[in-house]
Amino acid sequence: VLPSGVAIAIVALLQISPEFFVEWATVKRAAFDPEFLHNAMANLYGANKLLVGFGPPLVFFVYFFFSPNKKENYIKFHQIKSYSIFVMIFALAYNVVIYAKNSLMWYDSIALILIYFASVIFIGKMEIRYQKLKPEAEEGPEIEQGAVARLIHKFVTAGEKVIAYRAYIVSFLLLAIGGALLVGFAEEFLECLLHAAVAAGISTFIFIGYVAPFMSEFPEKTVAIGYAMKGHEDTAMINFLSSILAQLTLLTAMVPLAYSYYKGIPTGIVFDKVQSQELLLVIAMVLFSLMLFLDLKFTIRETVLALGLFIWQFAFPESRETVTKVYFVLFLSYLLEMLLEKRHTDVIETVIKPGEDKEEA
């Protein structure tokens with residue numbers, strides 16, 4: 001049985017597969033049309049902003065209003081989820097490096113891919129260690145399976161044992177069918193977006209960055225809503241964080257690789273002013289979100305704050321510099337609170353001392 005964090009990371013990677021194909025189509029066009037290069041990063045950074053800014057508030061409100069298992073006016077993470085939160089630091093750190101050098105090159109792809117797989121391995125090893133130290137820990141009730149899931153489960157299992165080759169067959173078929181559909185329609189999807197942007201009189205960068213992710217990230221939202229409604233609200237949150245991890249690493253890594261492939265030489269993208277500002281905004285948003293989660297709790301006040309900031313930048317995309325500064329100020333306030341008052345340290349303490357309970361203040 002896979003550790004829960006690893007399983008969620010795999011599911012999240014499958015969920016963001018539409019983003020890979022949309023981004024691939026965007027980069028392909030940029031490789032042959034220099035004037036379109038400005039839009040090459042729009043979908044990537046727009047997807048990250050949507051997941052970070054809109055994902056957690058969505059989970060909270062679904063949990064708060066629709067979950068029959070709601071116990072508190074906040075979401076409390078199980079300690080074992082600490083590891084999935086902690087690894088975000090490393091993906092974020094390398095994106096800071098990318099911002100500092102103002103480019104995304106082919107060799108950055110190698111580092112980002114290594115960070116992703118190292119993060120997943122770390123999550124798995126730490127969860128196994130946690131379960132050995134605290135074997136009585138439970139994740140809660142199983143989520144009820146739908147008819148299709150039950151049918152697949154029946155096919156791939158014999159009693160309590162999973163038949164490996166059948167599981168591989170099902171996985172391959174699902175990926176092949178989904179991948180074929182995405183490959184076939186990704187470029188047409190991009191063209192529709194461009195025509196819609198022209199018709200609406202909106203910048204293509206803004207349209208690709210804010211409208212495309214709402215449609216291509218439908219799988220993440222659906223799965224997260226399902227988790228939240230059935231009492232697995234912390235798993236729903238980690239589902240979004242795992243998707244963000246995959247996008248900050250693997251999806252980002254794909255951009256210079258695809259660009260190099262179509263250019264015919266190892267190369268990459270040097271950012272213009274808007275692309276650089278967008279990356280800095282993503283960094284600020286992730287930093288702020290991590291500080292919210294470091295105490296393994298997500299409150300209604302934090303939900304309203306996070307959603308308000310997202311709506312602000314969505315409604316007024318030209319205000320990205322101001323919004324970025326606000327995110328950094330909020331991050332610094334939480335950081336000072338952590339350092340001076342020894343608060344917001346639960347994730348770090350769980351990583352250092354897995355299996356130990358933290359007493360409530």
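The sections below set out a description of the structure shown in this document. The structure displayed is predicted, hence computed values, not measured ones. (Residues numbered from 1 in each chain as written. Predicted model: local features only at pLDDT ≥ 70, side-chain atom pairs only at ≥ 80, totals over all residues. Heavy atoms only, no water.)

Focus on the overall build of the protein chain
Inclusion rule: In DSSP terms, a helix is any run of H or I states spanning at least four residues, a strand is any run of E spanning at least two, and both are numbered starting from the N terminus. Throughout this description, buried means an accessible area under 20% of the type-specific maximum (1.4 Å probe, protein chains only), exposed means over 50%, and partly exposed covers the range between. We call two residues in contact when some of their heavy atoms are within 4.5 Å. Here the Shrake-Rupley method, with its probe set to 1.4 Å, supplies the accessible areas, and only the displayed protein chains count as covering residues.
From N to C terminus, the protein chain includes 16 helices and six strands. Counting all 361 residues of the protein chain, 50% fall into the buried class. A fraction of 78% describes how many contacts in the protein chain between residues 6 or more apart in sequence connect residues 24 or more apart. Carbon and sulfur atoms make up 69% of the accessible area of the protein chain, which totals about 17,500 Å².

Considerations on the packing of helix α13 (residues 273-293) against helix α14 (residues 300-315)
Filter applied, for reference: Axis definition: a line fitted to C-alpha atoms, limited for helices to the stretch in contact. Angles are taken between N-to-C directions and run from 0 to 180 degrees. Any angle from 65 to 115 degrees is called roughly perpendicular, while one under 35 is roughly parallel, one over 145 is roughly antiparallel, and all others are oblique. Here the term charged refers only to Asp, Glu, Lys and Arg, the term nonpolar to Ala, Val, Leu, Ile, Met, Phe, Trp, Tyr, Cys and Pro, and the term polar to all other amino acids, Gly among them.
Where α13 contacts α14, the axes come no closer than 11 Å and their chain directions differ by 170°. One way to sum up the angle between α13 and α14 is to call them roughly antiparallel. Between α13, through Leu-281, Met-285, Phe-288 and Leu-292, and α14, the contact on the second element is made entirely by Glu-302, Leu-305, Ala-306, Leu-309 and Gln-313. Residues belonging to the contact of α13 with α14 are distributed by class as follows: seven nonpolar, one polar and one charged.

Things to note about a nonpolar patch on the surface
Spelled out, the test is: Grouping into patches uses exposed residues only, defined as over 30% relative accessible area, and leaves out salt-bridged ones; the cut-off is 9 Å for like charges and 5 Å for nonpolar side chains (Val, Leu, Ile, Met, Phe, Trp, Tyr). Whenever Lys or Arg places a side-chain nitrogen within 4 Å of a carboxyl oxygen from Asp or Glu, that contact is recorded as a salt bridge.
A surface patch of nonpolar side chains, about 500 Å² in accessible area, is lined by Trp-106, Tyr-107, Ile-110, Leu-114 and Leu-257. Looking at the nonpolar patch, the element that brings in the most residues is helix α6 (residues 106-133), giving four residues. Accessibility expressed as a relative area gives 41% for Tyr-107, which makes it partly exposed.

A short note on the environment of Pro-68
Take Pro-68: it is sitting in the loop between α3 (42-66) and β1 (74-76). Between the C-alpha atoms of Pro-68 and Met-229, which are 161 residues apart in sequence, the distance is 7.4 Å.

With respect to the side chain of Ser-103
Relative to the assigned elements, Ser-103 resides in strand β2 (residues 103-105). Each residue touching Ser-103, except ones within four places of it in the same chain, is listed here: Ile-98, Asp-108, Ile-269, Val-270 and Phe-271.

What about unusual backbone geometry?
Excluding glycine, residues mostly have negative phi values, and the peptide bonds linking residues are mostly trans. Positive phi is not limited to glycine here, since Asn-102 has a value of about 60°. For Asn-102, the location among the structural elements is in the loop between α5 (88-101) and β2. Looking at Asn-102, the relative accessible area reads 25%, which means it is partly exposed. With a phi angle near 55°, Leu-296 is a residue other than glycine that sits in the positive phi range. Note on placement: Leu-296 falls in the loop between α13 and β6 (297-299).

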